[in-house]
Amino acid sequence: MKKKTVLITAGPTREYIDPVRYISNGSSGKMGYTLAEEADRMGMDVILVSGPTNLVPSRDIKFIRVSSAKEMLTAAKKYFPKCDIFISCAAVSDYRPAKYSLEKIKKNGSPLNLKLLPNPDILLSLVKSFKQFRSRPKFIVGFALETENLIANALAKMKNKRMDMIVANNPDSIGSVRTSCALITKEKIMRFQNIPKIRLAKIILSETIISL
Ligand code: CTP
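Rules and cut-offs
Residues numbered from 1 in each chain as written. Predicted model: local features only at pLDDT ≥ 70, side-chain atom pairs only at ≥ 80, totals over all residues. Heavy atoms only, no water. Helix = DSSP H or I, 4+ residues; strand = E, 2+ residues; numbered from the N terminus. Buried < 20%, exposed > 50% of the residue type's maximum accessible area, 1.4 Å probe, protein only. Lys, Arg positive; Asp, Glu negative; His and termini not counted. Salt bridge = Lys/Arg side-chain N within 4 Å of Asp/Glu carboxyl O. Contact = heavy atoms within 4.5 Å. Near = heavy atom within 4 Å. Polar contact = N/O pair within 3.5 Å; in protein donor to acceptor, adjacent residues only side chain to side chain. Areas by Shrake-Rupley, 256 points an atom, 1.4 Å probe, with all protein chains shown as cover. Nonpolar A, V, L, I, M, F, W, Y, C, P; charged D, E, K, R; others polar.

A. Layout of the side chain of D40. Here D40 shows up in helix α1 (residues 30–41). For the buried D40, no salt bridge exists, and the shortest N-O distance to an oppositely charged side chain is 6.3 Å, to R41. Leave out the neighbours within four places in its chain, and D40 touches V46, S58, D60 and I61.

B. Representation of the site of the ligand. Taken together, 14 residues surround the ligand, and among them S88, A90, L123, K157 and K161 come closest. Between the ligand and the protein, one listed contact pairs an oxygen atom with a side-chain N or O atom of D94 at 3.1 Å. Within the side chain of D121, a nitrogen or oxygen atom sits 3.5 Å from a nitrogen atom of the ligand. Relative to its free-state accessible area of 570 Å², the ligand is covered by the protein chains to the extent of 77%. A total of four residues in the shell around the ligand trace back to one element, the largest contributor, which is strand β9 (residues 139–145). Each residue belonging to the shell around the ligand can be placed in one class, and the counts come to eight nonpolar, two polar and four charged.

Listed below in structure tokens is the structure:
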């Protein structure tokens with residue numbers, strides 16, 4: 001089989017308010033990095049675009065470190081047309097502060113109102129603009145983090161963002177080496193309870209490979 005290239009986004013993004021404070025979330029990056037390591041072990045060319053995490057990828061993996069959602073979009077856009085598979089695993093901050101303060105914001109005892117602007121949706125921007133590119137990945141995997149209506153919300157995201165597969169989970173999996181989730185393709189729904197992320201990564205990648 002011809003060597004496949006997989007682009008993976010992973011980890012959280014950070015949206016800085018001033019030089020020391022930022023808006024982010026608790027994503028550890030474990031799922032995305034585990035997918036990257038497994039894909040590398042399966043012999044694929046792996047490009048990992050990651051927000052700030054404590055993890056270090058293997059040397060074989062092409063690694064691009066970013067901070068904000070805008071930086072992640074720029075990096076992902078560069079590699080999107082060249083890959084066979086895109087796995088959008090990043091927990092992107094949906095909002096960023098409207099204003100960045102060059103100096104540390106001092107407290108003055110009054111409430112502080114922060115105006116937030118919506119960030120670009122990386123996966124949606126990439127699939128919407130794919131006509132600009134000569135080609136697009138043959139298979140797109142997304143994730144859905146939900147606290148309610150897991151399957152219905154995940155199916156809506158899958159359709160809206162033109163995914164071929166979506167992994168739907170709840171916040172309990174954040175930072176853990178295990179997860180409970182539903183893996184949804186156009187043909188089936190597979191449910192997993194407390195499955196190690198490394199095992200889930202192998203299943204996601206083998207389901208992807210057989211669909212190419
Ligand atoms: N995603 C993205 N860019 C964003 C937000 C999400 O690329 N700004 C991707 C994620 O990597 C994931 C999918 O879209 O693959 C769904 O992300 P999720 O956070 O579950 O949902 P949202 O689309 O942000 O919707 P909501 O927060 O309203 O549930």
